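Examining the three-dimensional arrangement
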Amino acid sequence: MIIGTGIDLVDIPRFERTLERTPRLLERLFAPAERSLRLPSLAARYAAKEALIKALGGSDGVHWTEIEIASEESGRPYFVLAGSTADVIVERGIATLHLTMSHDAGLATAFVVAEGGHL
């Protein structure tokens, strides 16, 4: 059963200007393992985190650095959640999070489906 969906689109040049104006934003938005990634990958991960918050229906109990996006050997992205953010997923009955991301032509996007147990 689908509990929620979320999608987000990021203008990569605008995202870059924002990071340049506010360098500490990198530490506030990304887990340590993500911070060294190239700008398009960072923008896609930002979009993924925003899409996750939309799929959850809000950001209560969610903390940006507790959401990490990792990749399987195949390149398939997945969420690694910690702390109160992981608790929110359990509390909302979410069993699986599906994630896809892409970036091209100055844009990054992500789509999330939050799936619960079957009735």
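Residues numbered from 1 in each chain as written. Predicted model: local features only at pLDDT ≥ 70, side-chain atom pairs only at ≥ 80, totals over all residues. Heavy atoms only, no water.

Digging into the overall build of the protein chain
Broken down by element type, the protein chain carries four helices and five strands. Walking the protein chain from its N terminus toward its C terminus, one meets helices and strands in the order β-α-α-α-β-β-α-β-β. At 14 Å, the protein chain has a C-alpha radius of gyration in line with the 14 Å of a compact globule built from 119 residues. Dimensions along the principal axes, computed over C-alpha positions, put the protein chain at roughly 45 × 25 × 25 Å. Looking at the 119 residues of the protein chain, the share that counts as buried comes to 39%. Long-range contacts, defined as pairs at least 24 residues apart, comprise 56% of the intrachain contacts of the protein chain with a sequence gap of at least 6. (Helix = DSSP H or I, 4+ residues; strand = E, 2+ residues; numbered from the N terminus. Rg over C-alpha atoms; globule rule 2.2 N^0.38 Å. Buried < 20%, exposed > 50% of the residue type's maximum accessible area, 1.4 Å probe, protein only. Contact = heavy atoms within 4.5 Å.)

As for the layout of surface pockets
Of the voids in this model, the largest pocket is the one considered here, and its volume is about 180 Å³. In terms of lining residues, the largest pocket is bounded by Leu9, Val10, Asp11, Arg14, Phe15, Thr18, Leu25, Leu29 and Tyr46. (1 Å grid on protein atoms, 1.4 Å probe; cavity = no way out; pocket = protein on both sides within 12 Å on 5 of 7 lines; lining within 4 Å. Points joined across faces, edges and corners; volume = space filled by probe spheres on them.)

Details of the packing of helix 1 (residues 12-21) against helix 3 (residues 39-56)
The interhelical angle for the contact between helix 1 and helix 3, taken along N-to-C directions, is 95°, at an axis separation of 10 Å. Comparing the axis directions of helix 1 and helix 3 gives the class roughly perpendicular. Residue-level contacts link Ile12, Phe15, Glu16 and Leu19 of helix 1 to Leu39, Pro40, Leu42, Ala43 and Tyr46 of helix 3. (Axes fitted to C-alpha atoms, helices over the stretch in contact; angles between N-to-C directions. Parallel < 35°, antiparallel > 145°, perpendicular 65-115°, else oblique.)

Examining unusual backbone geometry
One can expect most non-glycine residues to show negative phi and most peptide bonds to be in trans. With a phi close to 55°, Ala105 is a non-glycine residue in the positive phi region. With respect to the secondary-structure elements, Ala105 resides in the loop between strand 4 (94-104) and strand 5 (107-116).

Some thoughts on helix 4 (residues 83-91)
Three or more residues of helix 4 are buried, namely Thr85, Val88 and Ile89. Down the axis of helix 4, the buried side of the element spans an arc of 100°, and every buried residue falls inside it. Those residues of helix 4 that are exposed and aimed more than 90 degrees away from the buried face are Val90 and Glu91. Against helix 3, strand 2 (67-71), strand 3 (77-81) and strand 4 lie the buried residues of helix 4. Positive backbone phi, approximately 75°, marks Gly93, located one or two places after helix 4. (Arc of directions from axis to C-beta.)

Here's the deal with the environment of Val113
As for its placement among the helices and strands, Val113 is situated in strand 5. Counting along the chain gives 46 residues from Val113 to Ile67, while the straight-line C-alpha distance between them is 15 Å. Other than its neighbours up to four places away in sequence, Val113 contacts Ile2, Gly4, Thr5, Thr96, Leu97 and His98.

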